[in-house]
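Report on the structure
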Amino acid sequence: MSNKIWGGRFAGRPDAILEEINASIDFDRKLAAHDIAGSLAHVAMLEKTGIVAKADAAAIRDALGRIHGEIERGEFRFSRELEDIHMNIESRLAELIGPAAGRLHTARSRNDQVAVDFRLYVRAAIDALDAEIRALQTALAEKALAHAGSVMPGFTHMQPAQPITFGHHLLAYVEMLARDRGRLKDARARLNECPLGAAALAGTSFPIDRAATAKALGFDRPTANSLDSVSDRDFVIETLAAAALCAVHLSRLAEEIVLWASPQFGFVRLSDRFSTGSSMLPQKRNPDAAELIRAKSGRIIGALTALLIVLKGLPLAYSKDLQEDKEGTFDALETLSLCLAALAGMISDLEPDVARMKTAAGAAYATATDLADYLVRELGLPFREAHHLTGRLVALAAKKNVGLEELSLAEMKRLEPRLTKAAFSALGVGNSVASRTSYGGTAPANVAAAAKKWLSALGKRG
Ligand code: ARG
């Protein structure tokens, strides 16, 4: 038997291998609820415009409701022979109500149908991601507030550069995540146009009401060009680009957690809930979740790249190539959601070793800039001269294998006679961070205020 839905022109069955390459039901069944929502909006419009009679519309509506229930309860029998979610549902509709089922597809094609389903899916995924990113921001801002004054080394070139606070470091990620949410929001605003009614590619001769279906499905307006409507996947690409960048941010934080949790750094301790053991090495506490978050960014970036390549060189309007838009997108958006949840859990549980971070912050001459700044402020030296003088003091200390604060005043005076005991105050890490009060700087007072501001913006009391 040829295909029940499109088989009119065919005498024979498709080859098994065609069915294998062509069928999308194994993955596009995820669109079922959106497909039914699109069909309900479409049939309501067909009824209102008089294109389909009331009785038929009512029968279609009831049966769609029943099918929705069957799918939700796991009772629906999906068939690969019926290719995709659209034809699986339409075929079941015919089983339930007979020929009237065939009226649902009036003034519609699977091309605009899948375009609307996928927009609805991506829109819902963006909304879910926004809430998940926000939960991670909240976990970070809470930890940042608790550690607004906990000193740690700040790095450039992965070399200790200047003391900063742990809270300040965490809030840097809150800012990145805010931009990620902004990009997803932008993508959502642009995607919120309804392609339903573009039909196969050219529009339709039926007197449809596209504004009505757009409104019923929560879109701002119908799309303006029928060719663009069925061939556009910009909305997915934009969303994947935002997701990929967010995944990169998560990966950077995950990498820092991996470093911080290593015994060599020993800056943080992961909770038992977020540590794994080794089957051979009993002493190990591995940060597997952080490593996987770091690695999973790869498949999210991969999904973006894959879809860009699918679209590149694809002529208007619909081609079956576009069916390849789904699996990677589903996987990428679900993966990002999993990573966000795992990272939020890890951050909430994370216990920084405040004493160890403070010791590390003072090591490796990390307060040399504070001494140079002091020389500028107290002795009126030009910064370049102060930098040079401090460099010589660091060289002297390094030669003696001691910290700057362990040099004697006499040794210091040999290089700059105007130095007094007060210079030593510039060398404490606490003083160092407390002095960085410039806007956006790491001073604990700044960090506490920024964390509180974020928590209130995120809907939490600071
Ligand atoms: N399963 C198809 C897809 O995901 C639906 C659209 C099929 N349209 C067609 N003309 N064959 O793209």
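Residues numbered from 1 in each chain as written. Predicted model: local features only at pLDDT ≥ 70, side-chain atom pairs only at ≥ 80, totals over all residues. Heavy atoms only, no water.

Helix and strand counts for the chain come out as 18 helices and six strands. For 462 residues, the compact-globule formula gives about 23 Å, and the C-alpha radius of gyration of the chain, at 31 Å, lies well above that figure. Principal-axis analysis of the C-alpha atoms places the extent of the chain at approximately 100 × 50 × 45 Å. For the chain, the proportion of its 462 residues judged to be buried stands at 48%. In the chain, the share of contacts with a sequence separation of at least 24, taken over all contacts with a separation of at least 6, comes to 75%. Summed over its atoms, the accessible surface of the chain is roughly 22100 Å², and 55% of this surface lies on carbon and sulfur atoms. Considering the chain, the positive charge centre built from 57 side chains and the negative charge centre built from 55 side chains are found 6 Å apart. (Helix = DSSP H or I, 4+ residues; strand = E, 2+ residues; numbered from the N terminus. Rg over C-alpha atoms; globule rule 2.2 N^0.38 Å. Buried < 20%, exposed > 50% of the residue type's maximum accessible area, 1.4 Å probe, protein only. Contact = heavy atoms within 4.5 Å. Areas by Shrake-Rupley, 256 points an atom, 1.4 Å probe, with all protein chains shown as cover. Lys, Arg positive; Asp, Glu negative; His and termini not counted. Charge placed at Lys NZ, Arg CZ, Asp CG, Glu CD.)

With that settled, the discussion passes to the site of the ligand. Around the ligand, a shell composed of Ser24, Asp28, Asp84, His86, Arg110, Asn111, Val114, Tyr318, Gln323 and Lys326 is seen. Take Asp84: an N or O atom from its side chain is 3.0 Å from a nitrogen atom of the ligand. With respect to the ligand, the side chain of Lys326 contributes an N or O atom lying 2.5 Å from an oxygen atom. Coverage of the ligand by the protein amounts to 86% of the 350 Å² it exposes when considered alone. (Near = heavy atom within 4 Å. Polar contact = N/O pair within 3.5 Å; in protein donor to acceptor, adjacent residues only side chain to side chain.)

Right, let's get into the packing of aromatic side chains. Overall, the coordinates contain eight aromatic pairs when judged by the stated rule. Between Phe118 and Phe235 the ring centres are 6.1 Å apart and the planes differ by 75°, which places this aromatic pair in the edge-to-face class. With a gap of 117 residues between them, Phe118 in helix α6 (residues 110–146) and Phe235 in helix α10 (residues 234–261) connect regions that are remote in the sequence. Ring geometry for Tyr121 and Phe330: centres 4.7 Å apart, planes at 65°, overall edge-to-face. Taken together, the residues Tyr121 in helix α6 and Phe330 in helix α12 (residues 326–349) connect sequence positions 209 residues apart. (Phe/Tyr/Trp six-rings, centres within 6.5 Å; stacked < 30°, edge-to-face > 60°.)

Moving on, we get to the pattern of salt bridges. For the structure on display, the rule yields 33 salt bridges. A salt bridge links Arg103 to Asp56; its shortest N-O distance comes to 2.9 Å. Taken as a pair, Arg103 in the loop between α5 (85–97) and α6 and Asp56 in helix α4 (residues 54–72) lie far apart in primary sequence, 47 residues in all. We classify Arg103 as partly exposed; its relative accessible area is 44%. Arg188 is the salt-bridge partner of Asp127, the closest N and O atoms lying 2.7 Å from each other. (Salt bridge = Lys/Arg side-chain N within 4 Å of Asp/Glu carboxyl O.)

A few words on the nonpolar core. The nonpolar side chains of a soluble globular protein tend to be buried, and buried together. Residues Leu136, Leu140, Leu250, Ile257 and Leu336 are the most contacted members of the largest nonpolar core, which totals 93 residues. Sort the elements by how many residues they give to this core and α10 lands first, with 15 residues. Membership of the second largest hydrophobic core comes to 20 residues, among which are Ala368, Leu379, Leu393 and Ala426. (Core = buried A, V, L, I, M, F, W, Y, C linked by side-chain atoms within 4.5 Å.)

Counting through the fold element by element, Gln264 comes out in the loop between α10 and β5 (268–269). Expressed as a C-alpha distance, the spacing of Gln264 and Ile60, which sit 204 residues apart in the sequence, is 66 Å.

Below, the discussion takes up the environment of Arg77. By secondary structure assignment, the location of Arg77 is in the loop between α4 and α5. For Arg77, a relative accessible area of 76% puts it in the exposed group. Separated by 112 residues in sequence, Arg77 and Ala189 have C-alpha atoms that sit 36 Å apart.

This part takes up the pairing of strand β2 (residues 159–165). For strand β1 (residues 151–156) and β2, the ladder comprises six bridges, and the chain directions are antiparallel. From the neighbouring strand, Phe155 faces β2, where its bridge partner is Pro160. Linking β1 to β2, which pair antiparallel, is a turn of two residues; within it His157 sits at a positive phi near 55°. (Pairing = 2+ DSSP bridges.)

Another aspect to go through is unusual backbone geometry. Note the cis peptide between Leu316 and Ala317, where omega equals 5°. In the Ramachandran plot, Ala107 falls in the positive-phi region, its phi being about 60° despite a non-glycine side chain. Among the structural elements, Ala107 can be located in the loop between α5 and α6. The exposure class assigned to Ala107 is buried, which follows from its relative accessible area of 8%. A positive phi is found at Tyr365, a non-glycine position, where the angle reads about 55°. Looking at the element boundaries, Tyr365 is found in the loop between α13 (354–362) and α14 (368–379).

Inspection of the secondary structure puts Leu196 in the loop between β3 (193–194) and α8 (210–216). Apart from residues no more than four positions distant in its own chain, Leu196 is found in contact with Gly38, His42, Arg108, Asp112, Val116, Arg210, Thr213 and Leu217.

With 17 residues, helix α3 (residues 32–48) ought to run about 24 Å at 1.5 Å a step, and its terminal C-alpha atoms sit 24 Å apart, in line with that. The set of residues buried in α3 consists of Ala32, His34, Asp35, Ile36, Gly38, Ser39, Ala41, His42, Val43, Met45, Leu46 and Glu47. Of the surrounding secondary structure, the elements contacted by the buried residues of α3 are α2 (25–28), α4, α5, α6 and α8. Taken from the residues just after α3, Gly50 is the one with a positive phi, measuring 75°. (Expected span 1.5 Å × (residues − 1).)

Think of a disulfide as a covalent bridge from one cysteine sulfur atom to another cysteine sulfur atom. This model, assessed by the stated rule, comprises zero disulfides. The thiol of Cys246 is not disulfide-bonded; the next cysteine sulfur, from Cys339, is found 9.1 Å away. What makes Cys246 buried here is its relative accessible area of 1%. (Disulfide = S-S within 2.5 Å.)

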